[in-house]
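# A look at the structure
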Amino acid sequence: MQYKQYSLHNFRQIPQINILTEEQKFVIEVVGTVLPFKTDNYVVDELIDWTNFENDPIFILNFPQKDMLDEASFRKVASLLKNNSPRKIVQEEVKKIRLKLNPNPAGQESNVPVFEGERLTGIQHKYREIVLFFPTQGQTCHAYCTFCFRWSQFALNDFKFAMKEADKLVRYLKANPQITDVLFTGGDPAVMKTRFFEEYFNALVEADIPNLKNIRIGTKSLAYWPYRFTTDDDADDLLNLFRKVKKNGINIALMAHFNHPRELKTDAVREAIERLIEAGVQIRSQSPILRNINDSADIWAENWEEQVALGVIPYYMFVARDTGAQDYFAVSLKRAWQIYRNAYNQVSGICRTVKGPSMSCSPGKIQIMGVSEVNGEKVFVLNFLQGRDPSWVGKPFFAKYDPNAIWIDDLEPAFDESNFFYEEAYYELLA
Ligand SMILES: *Cc1c(COP(=O)(O)O)cnc(C)c1O
Ligand code: SF4
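All of these numbers come straight from a predicted model, not from anything done at the bench.

### Side note on the domain arrangement of the protein
- Split into domains, the protein comes out as domain 1 (5-99), domain 2 (104-280) and domain 3 (317-431).
- Taking the mean C-alpha position of each, domain 2 and domain 3 sit 27 Å from one another.
- When the area that domain 2 buries against domain 3 is broken down by residue, the three leading residues are Ala106, Lys126 and Tyr127, summing to 41%.
- Inspection of the region where domain 2 meets domain 3 yields zero salt bridges.
- Applying the counting rule to domain 2 against domain 3 returns five residue pairs in polar contact (both at pLDDT 80 or more).
- The residue inventory of the side of domain 2 that touches domain 3, partitioned by class, reads seven nonpolar, four polar and two charged.

Here it is, written out as structure tokens:
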């Protein structure tokens, strides 16, 4: 299958797009001027149900929607475009709007380690056992998700977390024996040609780092371009590389990003999953919970059951991050927990490897364990699945119940306490 990319500049060439009215196409132009927009022919031809595109989850996940901008911003950009305003003026307005959308959430800057006197801008090291690695060639995606928390990388051309050199990564891993996992991330590292994977993975294998147990690859490609693992020119080479790494005693985990069961149903994705598993790759799945896409227990239960049947291990359910089009997708913490629980309750134990709902915020990954009552006060029970300080993990703590809260910032400590237990240490860590 030949890859064809669509973006703001050529989406009107998509054959199916003629179902849309001129006004609907203009909405895509307006919102797509602010938020990054890109999709591909697999998504367009094999995933989207065009007969019902207005409510189609995959359409909404790929094509900018009107309500992803607040009304004032939408009107402003719309009128600039209608009046054919100079590019520079449009760009200035767009920049202002983007900066209001929290383009860089969860204090990622503070995860960049200093090593041998140098800031390693292609690495983030937040949790003790795992580093994120941002290979330069993998800082884009086959298609962009409309809820993406890395959207500013694409929209603002801000590739500040990318790094080329494998040898620095190797030295960093050797100097930090507590690290067991490297997560290749982006963008989507699977957009890289296999020769780049070879460069990085061979360096890791040859360095023979005893503490390195898992190489993970965070990717959306199984969902949006499964041909990466089947018919692309260098697909076979990639699978052979995975086999080789595995033979050398390093586990490869593909952290697959699936938002909706539809993404699991095509022949292409099924063949890709089969080939990866056959090459010894472990596939784990993760997704945020998103209004208008997957905010129902039945969808999640179907997702997990379908995944397990295909050999994919359910891993995380995230709460949509506080960035970009958050309001469009936001599900309250209360509902996220209810949906998680109702889904978890209707699947067998083999699917219950999943953890969540979890907020990836600056102090760590905070799970909403449930709603409870302690001494007559209604509370959220929370728990760190990961913490900037590992000693925070696994200690339940309590926030005042608030049915409208959508993120950690909306929560206050229960029992009239002034701080959550970790806060003092957290501010010290950051300082
Ligand atoms: C989620 C995340 C990880 C991976 O955490 P696991 O719980 O091991 O999957 C690593 N680093 C950062 C910054 C993360 O947000
Ligand atoms: S695949 Fe990941 S990085 Fe790429 S657009 Fe989607 S959420 Fe963002």
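Let us keep going from here.
### Observations regarding the layout of surface pockets
- Its boundaries defined by the atoms lining it, the largest pocket holds a volume of some 520 Å³.
- Forming the boundary of the largest pocket are 20 residues, of which Leu8, His9, Gly32, Thr33 and Arg98 lie nearest the centre.
- Only β1 (5-7), α1 (22-34), α5 (87-100) and α6 (151-155) provide two or more residues apiece to the lining of the largest pocket.
- Across the lining of the largest pocket, the residue classes tally to nine nonpolar, seven polar and four charged.
- Two domains each put at least three residues into the lining of the largest pocket: domain 1 (5-99) and domain 2 (104-280).
- By volume, the second largest pocket amounts to about 320 Å³.
- Every residue lining the second largest pocket is counted, 18 residues in all, and those nearest its centre are Tyr3, His142, Lys193, Trp225 and Asp232.

Definitions and limits used
- Residues numbered from 1 in each chain as written.
- Chains lettered and ligands numbered in written order.
- Predicted model: local features only at pLDDT ≥ 70, side-chain atom pairs only at ≥ 80, totals over all residues.
- Heavy atoms only, no water.
- Domains from an automatic or database assignment.
- Buried area = accessible area lost by both parts, 1.4 Å probe.
- Salt bridge = Lys/Arg side-chain N within 4 Å of Asp/Glu carboxyl O.
- Polar contact = N/O pair within 3.5 Å; in protein donor to acceptor, adjacent residues only side chain to side chain.
- Nonpolar A, V, L, I, M, F, W, Y, C, P; charged D, E, K, R; others polar.
- 1 Å grid on protein atoms, 1.4 Å probe; cavity = no way out; pocket = protein on both sides within 12 Å on 5 of 7 lines; lining within 4 Å.
- Points joined across faces, edges and corners; volume = space filled by probe spheres on them.
- Helix = DSSP H or I, 4+ residues; strand = E, 2+ residues; numbered from the N terminus.

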